[in-house]
Amino acid sequence: MTGRFIKKTVIAAGTWIVLACSASGGELTPGLAKAFASVSAYSTADTLVEVVVFLDDYEPKEAVYKVSQAAGLSRSERAWQVIDRLKSYRSPYKEQVLDYVMDQEGAVVKEHWIVPAITVSVPVSRLAGLADIDGIKLVVENVDLVFESPVKTTLDVSTLTTSVSTQLEILGVPELWKRGLRGKGALVCSFDTGVEQSHPALASKWRGNRSSLESAWYSTVAPDTLPYDLVGHGTHTMGIMVGSTEADTFGVAPSAEWITAAVVDQGRTLSMTISDILGAFQWSLNPDGDFSTTDDIPDVILNSWGIPRGLFIPCDDTFWGAIDNVEAAGIVTIFAAGNEGPEPRTLRNPADRASTPVNSFAVGAVDNAKMITSFSSRGPSSCDTTQVKPEVVAPGVDIRSSYKGGGYALMTGTSMAAPYLAGMVALVREYNPEATVEQIKYAFLSAAEDLGVVGQDNAYGHGFVNASRILDYIPLPSTDELEIASLVISGDGLAFPGETFELQLTLTNSAGNIDGLAGTIGTESVSGVTLDVESSYFYFGTGGTIAISAPPFVMTFDSSLYHGQQVDFSLLISTDGQEIFDTIPFQITVGLSPKGVIASHQNNKMKISVSDFGQFGFAPGSAYNALGDGFCYDGSDNLLYEAGLVIGSSDSQMANSVRNEAGLFEPSDFTPIVSLSEAWIGEDGGTHRRAVFTDGHSTVPVNITQETISFDNLDDQELLILKYTLTNKSLERLTNLHFGFMMDFDLSESDEIGVDESINMIYQKSEDDLYVALLALENVLGFQALMNGETKTGFDATQLYDLISATTSMSSASAGGDMMFASSSGPFIIDQQKSINVVVALVSGHSMIQLYENVRRAQSIYELSSSLAGDDSSLPRSMKLYQNYPNPFNPTTRIAFSLSEAGETSLEIFNVIGQKVRSLHSGHLTAGLHQFEWDGTDEYGHRVASGVYFYRLESHSATDTRKMVLIK
């Protein structure tokens, strides 16, 4: 056996959880095999466990490394390039993992791009097969993480004072304040227990006061609430970084802003998990959800968490990739060393890493006399016992800071020492915003006062950081560089296609040597932009460094532009309208970028764009033009104005991806958790695409797996099957759940709509007899026809819920004008981690006869695919012959069967009097699924007559016969 394997078994509630690692896939070690045998011995039912699968990351690691080493890039450009490399990487092994886990009931999947990783739930019995997949680097149980609990906490009820704390004084922080550095413009982030947003010492500094909630608060528990902290730990550490009131300043960088990721214990029974930490690192690279901006990326992340010693192997590298990638994008990461001292090698993972002198950067704790505390974790690193840890030390005894409930507390621990270094990062970044992660960390080491034995040691590291000396080791900031500090679009902050808007630019001049500058904007990258007011004037004043309230530019985006399009501009700066002084490039994103991936199904008859966020179409002229194909039939222009989904159990507990009450485009509520896949050919011969999404507002606790299937064979090109699997991801039974589609086709000026209740189908007919239908295949209750009127009709929450919960279909045809239709399903009752399917087919035709022929084909295809999906093993327990499809057929049909074991097999066609017409196969076949096509000819290639035929499958163990009909 080749490759590296690590075995870790943990008993939890009577269940073995297995950690396996392989560089290239392979068999389990004997130790792991024994663990799985224990599962069988002690459990009567297989146990579903959640694991994080880390895929081979050589390619993205190399790409990010090249960006980090590239010369001449600004910090923003470097961040953009790092994020682009990570987002655009597609692991060649991902689909193998998804295919392996998605065919099981209750599968939960979450993809990560911060590193190539996937969080999945999988039965213990299938972990061995998962670990054997090529390209898997590591499979690890999604264990809980814990924060670095303070050694001591004492509530402080003393009166606030205007004095500077002893700790700030001995660190030399006031010396930087005297130079005007208090963290202005810097953004700090904590990975902790949350932060009490309303605390008087922190409330005014929260970035969410001037940006969206999701850009300033990350929580998998309560993402829609304001930041809170049930424990108090995160509020305390944030106060050490930025806390202040009018009467008291105890934070290092009181003018900095803060955001937080609540990724460790929030006062619940369980802490957060590895998957949550990966999600937080990923969020930190794009908090506002707009990948074209970088001012939302924090300068520093304070980490007050770690893996308890003994849970992972020494120097486990689970988090290394995520840490390296955020640092390559310019975020300094600081870790508390841990409170498990004074024995050697007691730092927690990942603070014990020592692959370079500055990662991971761990901070130990000393008292006010600069003596190492007994609890502060000691080195050396478990990665390399020759490497000294921690890197530096700072005060960590009886540190006074903000606490939950609006109060204050004294806390002791390395989690109190590390924030002092994180706050210093904010001061350095105010001084030189372009200072790199390595420059800042090496400056900390160089500015440290040696303590303990001479030189670096495993108690004090490099020593006690002297803030007043840090700037001596930071490169001088640029003195003549102009920058656009902010870009504000009037109104709702978005520039939609067809909209005229004002653009307000704020310009900064770090040198403070120019009173005023004239600015003119221009663009050559795209047509469709009209510059109505293209000039403005930026007034700095004597010695000023920022020009605010400059007159706005005015421009119009033509309706031909599409959502998510990047329009490049240049701001030409000149002195009083004379010689060009500088040129600053910037971009504006048109409208709203798609929330996920858009791709099209296409064959000779039909094309339609689908997504991984519950919407369809996206063509020019539709409700949401994102440069998709829309729906085109037989060479037509786009015929689909809008299509989307609605799901909910009431009008207040609902998610949708359709228009709003005013009839205008509204961003989808659904957020992808598994991106729309590349196309693949399934056992049914169809072209499949799969995605998983969920309600991004957490109103409806359901994961929706979407599978769309089109066909290239001549007779099935006019249909698309849409299968939705609704999985209850909550811890409770879901009741009264309804689900539906809404589709608005614009076939002609005046369309008709009708319903065929005998087959549960609704259809729309144009003036020139073009038909588009939605056919129920599984768990669809009925359909409703709707009139758009003069303009597109809007729907409020109550109206949408009434549509998807309607108990009957309309029964008569409607005519005249702009029509649309909706489907209803449910009410469903779904137990926790259980699923239910809703399946429809989108069918087209140039006549009613052709439409019904295509409907029959869709029904036959789904009957076969359901039979295939019913096999619970890739190797059936016995021979099984499936119904051919299509049936009736002309000119070809496909016959599928499965064999439980290899052997001699024959597949033959007979007419109604028992004469053999054609032998499709005679010879040896392997076990598994097989398919053969019959083109309606005999052994001599002659076309046979219309009528009934029989096909017989015979193996050494069984024989089966089915009937089919050829129609000409």
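Residues numbered from 1 in each chain as written. Predicted model: local features only at pLDDT ≥ 70, side-chain atom pairs only at ≥ 80, totals over all residues. Heavy atoms only, no water.

Quick notes on the sheet that holds strand β32 (residues 598–602)
Sheet architecture is open: three strands sit in the order β32-β33-β35, paired in antiparallel fashion. Pairing within the sheet leaves two strands with one partner each, and these edge strands are β32 and β35 (631–633). Looking at each pair of strands side by side, their axes are set apart by 20° on average, direction ignored. Pairing analysis gives three bridges linking strand β33 (residues 606–611) to β35, with the strands arranged antiparallel. Bridge pairing in β35 places K607 opposite C632. (Pairing = 2+ DSSP bridges. Helix = DSSP H or I, 4+ residues; strand = E, 2+ residues; numbered from the N terminus. Axes fitted to C-alpha atoms, helices over the stretch in contact; angles between N-to-C directions.)

Structural notes on helix α10 (residues 320–328)
In terms of burial, α10 is a largely internal element, eight of the nine residues being buried. Looking at α10, one finds that the buried residues are W320, G321, A322, I323, N325, V326, E327 and A328. Contact partners of the buried residues in α10: α2 (58–69), α3 (75–88), α9 (274–284), β16 (332–336) and α12 (437–446). Of the residues trailing α10, G330 is marked for its positive phi of about 105°. (Buried < 20%, exposed > 50% of the residue type's maximum accessible area, 1.4 Å probe, protein only. Contact = heavy atoms within 4.5 Å.)

Quick word on the pattern of salt bridges
Tallying each qualifying case throughout the model produces 30 salt bridges. The partner of E391 in a salt bridge is K389, and the shortest N-O contact between them spans 3.0 Å. The partner of K916 in a salt bridge is E908, and the shortest N-O contact between them spans 3.4 Å. A cluster of three or more residues bridged by salt bridges with shared partners is formed by E642, R659, D744, D746, K792 and D818. (Salt bridge = Lys/Arg side-chain N within 4 Å of Asp/Glu carboxyl O.)

What about the side chain of H930?
Tracing the backbone shows H930 in strand β55 (residues 928–934). Judged by its relative accessible area of 14%, H930 falls in the buried class. Here the side chain of H930 touches T926 through a polar contact of 2.7 Å, landing on its backbone oxygen. Beyond its immediate stretch of four places on either side in the chain, H930 contacts I895, A896, F897, L899 and L925. (Polar contact = N/O pair within 3.5 Å; in protein donor to acceptor, adjacent residues only side chain to side chain.)

Quick look at the side chain of S657
By the secondary structure assignment, S657 is in the loop between β37 (653–656) and β38 (670–674). From its side chain, S657 meets the backbone nitrogen of L645 in a polar contact 2.9 Å long. Leaving out residues up to four positions away in the same chain, S657 has contacts with F613, G614, Q615, E642, G644, L645, S668 and F670.

Some remarks on the packing of α9 against α10
In contact at an axis separation of 10 Å, α9 and α10 are set at 10° when each is read in the N-to-C sense. By the angle between their axes, α9 is roughly parallel relative to α10. On the side of α9, the interface is formed by L278, F281 and S284, while α10 contributes A322, I323 and V326. A per-class count over the contact of α9 with α10 returns five nonpolar, one polar and no charged. (Parallel < 35°, antiparallel > 145°, perpendicular 65-115°, else oblique. Nonpolar A, V, L, I, M, F, W, Y, C, P; charged D, E, K, R; others polar.)

Comments concerning unusual backbone geometry
Note that the residue after G379, namely P380, is joined by a cis bond; omega there is 5°. For P380, the position within the fold is in the loop between β17 (361–366) and β18 (392–395). Here N890 and P891 are connected by a cis peptide whose omega angle stands at 5°. Within the chain, N760 stands out as a residue other than glycine whose phi angle is a positive 55°. Inspection of the secondary structure assignment puts N760 in the loop between β44 (752–756) and β45 (761–765).

A short note on a nonpolar patch on the surface
Taken together, the side chains of V912, I913 and V948 define a hydrophobic patch exposed on the protein surface, amounting to about 280 Å² of accessible area. The residue V948 is located in strand β56 (residues 947–955) in this model. V948 sits in the partly exposed class, given a relative accessible area of 30%. (Patch = residues over 30% accessible without salt bridge, like charges linked within 9 Å, V, L, I, M, F, W, Y side chains within 5 Å. Areas by Shrake-Rupley, 256 points an atom, 1.4 Å probe, with all protein chains shown as cover.)

Thoughts on the confidence of the model for the protein
Mean pLDDT over the protein stands at 85; residues scoring 70 or higher make up 88%. At the level of individual helices and strands, the protein shows its lowest average pLDDT in strand β1 (residues 8–12), which scores 28, and its highest in strand β34 (residues 615–616), which scores 98. Note that residues 266–270 has pLDDT below 50 and, in this model, 11 contacts with residues that lie over four places away or in other chains. The model gives residues 871–877 a pLDDT under 50, and that stretch makes 12 contacts with residues more than four places away or in other chains. (pLDDT = per-residue confidence, 0-100.)

Describing the packing of aromatic side chains
Under the defined criterion, the tally for this structure stands at 24 aromatic pairs. Pairing F250 with Y408 gives two aromatic rings, centres 5.8 Å apart and planes at 90°, and the pair type is edge-to-face. Here F250, found in the loop between β12 (248–249) and β13 (257–262), pairs with Y408, found in strand β20 (residues 408–412); they are 158 residues apart in sequence, far enough to count as distant. With respect to burial, F250 and Y408 carry one shared label: buried. Between W305 and F335, the ring centres sit 5.7 Å apart and the planes meet at 70°, which makes this aromatic pair edge-to-face. Linking W305 in strand β15 (residues 305–306) with F335 in strand β16, this pair joins segments that are 30 residues apart in sequence. Each of the two residues, W305 as well as F335, counts as buried. Clustering of aromatic rings is evident, with ring pairs tying together F613, F618, Y624 and F665. Sitting over the face of the ring of W177, R182 holds its NZ or CZ atom 4.7 Å from the ring centroid. Above the face of the Y408 ring, R400 is positioned so that its terminal group lies 4.8 Å from the ring centre. (Phe/Tyr/Trp six-rings, centres within 6.5 Å; stacked < 30°, edge-to-face > 60°. Lys NZ or Arg CZ within 6 Å of the ring centre and 35° of its normal.)

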